[in-house]
Amino acid sequence: MSLVPGWMPPTRERWEVLVSAWQLFYPFLGNLQWLINWYGMGKTSKDSRFNIPGRIAWFTMESPGFLTLLYIMKTLPLQHGVTDLPWQNRVLAGLFVIHYSYRAVLFPYLQPSMAPIHVLVWGFALFFQICNATSLGCWLAAYGPTTEEAWAATGSFATARFVLGIGLFYLGLAGNFFHDEELREIRRSEQRRQDRLVQQAAADGKSPAKADVTKHYRVPEAGLFKYMLYPHYLCEWVEWLGFWIAAGWGCVPARAFLINEIATMFPRAVKGKWWYVEKFGEDKVGKKWAVLPGVY
Ligand SMILES: NC(=O)c1ccc[n+]([C@@H]2O[C@H](COP(=O)([O-])OP(=O)(O)OC[C@H]3O[C@@H](n4cnc5c(N)ncnc54)[C@H](OP(=O)(O)O)[C@@H]3O)[C@@H](O)[C@H]2O)c1
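Predicted, not measured: the structure shown is a model, and the values here were computed from it. (Residues numbered from 1 in each chain as written. Predicted model: local features only at pLDDT ≥ 70, side-chain atom pairs only at ≥ 80, totals over all residues.)

1. With respect to the overall build of the protein
Logical step 1: Check the secondary structure of the protein and you find 9 helices and 2 strands.
Logical step 2: Element order for the protein, N to C, with α for helix and β for strand: α-β-α-α-β-α-α-α-α-α-α.
Logical step 3: If you line up the protein on its principal axes, its C-alpha atoms span 75 × 40 × 40 Å.
Logical step 4: Contacts in the protein between residues at least 24 apart in sequence constitute 83% of all its contacts with a sequence separation of at least 6. (Helix = DSSP H or I, 4+ residues; strand = E, 2+ residues; numbered from the N terminus. Contact = placed C-beta atoms within 7 Å.)

2. Digging into the environment of Leu92
Logical step 1: Among the secondary structure elements, Leu92 is positioned in helix α3 (residues 87–110).
Logical step 2: Leu92 gets classed as buried once you count the C-beta atoms within 10 Å, which come to 25.
Logical step 3: Sequence separation between Leu92 and Trp244 is 152 residues, and the spatial gap between their C-alpha atoms is 9.7 Å.
Logical step 4: The contact partners of Leu92, leaving out residues within four places of it in the chain, are Leu140, Phe243, Ala246 and Ala247. (Buried ≥ 20, exposed ≤ 12 C-beta atoms within 10 Å, placed from the backbone.)

3. Things to note about the site of the ligand
Logical step 1: Taken together, 23 residues sit near the ligand, with Gly42, Ala115, Leu183, Ile186 and Glu236 positioned nearest.
Logical step 2: Secondary-structure elements contributing two or more residues to the shell around the ligand are α6 (158–203), α7 (231–247) and α8 (252–280).
Logical step 3: Among the elements that line the shell around the ligand, the one with the most residues is α6, at 5 residues. (Near = placed C-beta within 6 Å.)

4. Focus: the packing of helix α2 (residues 54–79) against helix α4 (residues 119–143)
Helix-helix packing is described using two parameters, namely the angle between the two axes and the distance between the axes.
Logical step 1: Where α2 contacts α4, the two axes come as close as 8 Å, and the packing angle between them is 20°. As summarised for this structure, α2 and α4 are arranged roughly parallel, according to the angle between their axes. Regarding α2 and α4, the two cross each other, and that crossing is right-handed.
Logical step 2: Considering only residue class, the contact of α2 with α4 consists of 19 nonpolar, 6 polar and 1 charged. (Axes fitted to C-alpha atoms, helices over the stretch in contact; angles between N-to-C directions. Parallel < 35°, antiparallel > 145°, perpendicular 65-115°, else oblique. Left-handed = near helix turned anticlockwise from the far one by under 90°. Nonpolar A, V, L, I, M, F, W, Y, C, P; charged D, E, K, R; others polar.)

5. Let's talk about the UniProt feature "transmembrane region" (unreviewed entry) in the protein
Logical step 1: Mapped onto the present numbering, the UniProt feature "transmembrane region" (unreviewed entry) falls on residues 20–40, 52–72, 92–110, 119–142 and 162–179.
Logical step 2: In the segment residues 20–40, helix accounts for 57% and strand for 0%; the C-alpha atoms at its two ends are 29 Å apart.
Logical step 3: From the first C-alpha to the last, residues 119–142 spans 34 Å; its make-up is 100% helix and 0% strand. (UniProt positions renumbered as here; feature names shortened; annotations may be inferred.)

6. With respect to the environment of Phe243
Logical step 1: For Phe243, the position within the fold is in helix α7.
Logical step 2: Each C-alpha atom, one on Phe243 and one on Phe96, is 8.8 Å from the other, the two residues being 147 residues apart in sequence.
Logical step 3: When sequence neighbours within four positions are dropped, the list of residues in contact with Phe243 reads Leu92, Leu95, Gly165, Phe169 and Ala254.

7. Description of the nonpolar core
Logical step 1: Core analysis: the largest hydrophobic core is formed by 50 residues, its most contacted members being Leu69, Leu92, Phe96, Leu136, Cys138 and Phe243.
Logical step 2: Residue assignment for this core shows that the elements contributing at least two residues are α1 (12–31), α2, α3, α4, α6, α7 and α8.
Logical step 3: A total of 13 residues in this core trace back to one element, the largest contributor, which is α4.
Logical step 4: Residues contacting Phe96, with those up to four places away along its chain left out, are Phe66, Leu69 and Leu136.
Logical step 5: Met228, Cys235, Val238 and Val291 belong to the second-largest nonpolar core, a separate cluster that totals 15 residues. (Core = buried A, V, L, I, M, F, W, Y, C linked by C-beta atoms within 7 Å.)

Written out as structure tokens, the structure reads:
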């Protein structure tokens with residue numbers, strides 16, 4: 001059953017327009033961050049009555065992505081008479097859902113604390129999720145290759161390429177999780193330190209303030225943080241590069257996803273480096289790359 005007949009899921013013609021607009025215009029939107037000196041999220045979030053609590057904002061802006069993709073995978077094949085999607089389509093859809101089960105559901109649950117997110121940033125992220133999941137989901141469900149023969153025609157060594165791409169995807173996912181975890185550990189260790197102080201103060205008969213690790217930052221050092229400040233971003237790009245390789249170089253939605261992520265996250269990493277230098281000083285941060293070793 002279609003949510004909005006002809007629009008969600010979209011017809012092939014509407015999907016083609018969406019994919020063209022998505023790949024041409026979104027990088028432009030992402031790059032506007034170079035001109036705008038405001039970002040209402042994370043380190044640069046500020047008090048505002050338009051803020052949404054971090055965990056709620058994150059969960060509600062990221063979840064519609066994988067829900068949209070699942071919905072399209074359920075409805076679109078039947079509308080096009082596809083009754084048995086090849087395993088490659090199912091595996092790729094599964095990878096998308098695995099990634100976003102972590103990113104949308106587990107991530108906000110695991111974070112010891114999350115800064116509030118401004119409703120405008122929330123809106124942009126939601127827009128990104130719905131466009132991206134529609135672009136990719138329709139390709140996987142009906143408008144990309146839907147037979148073994150069509151997959152074989154995506155290039156020589158299609159299966160080997162698929163396996164290599166998936167290997168890269170998992171490497172990126174593991175790296176992304178590992179470095180997210182290092183950032184969580186900074187807050188957890190601060191929480192433990194503050195808890196000890198609170199206990200000590202209580203034992204001394206004082207009435208101490210409650211431990212609070214909100215917006216507590218340190219320069220992370222573990223893993224690739226030794227060399228750069230945003231290895232979790234780089235690992236996420238490796239993930240989606242792997243996905244694109246598995247889907248085939250001709251998969252425009254997978255390419256657009258990677259390019260649009262870089263367009264959103266690269267300015268954020270560069271400005272994040274400026275933030276680190278301002279807060280912790282050139283000595284502690286200066287030699288680390290922002291996100292691309294050897295480039296910036
Ligand atoms: N931002 C994007 O546009 C985007 C797009 C696609 C995917 N992602 C992925 O989503 C994940 C989170 O992205 P993000 O932009 O929120 O990353 P981030 O700015 O590095 O923050 C990640 C989390 O770690 C905390 N944190 C950051 N730096 C810290 C430090 N130096 N010490 C202690 N805690 C620190 C943040 O707390 P606070 O919230 O309190 O600042 C936040 O909860 C990443 O894995 C990224 O790959 C992000």
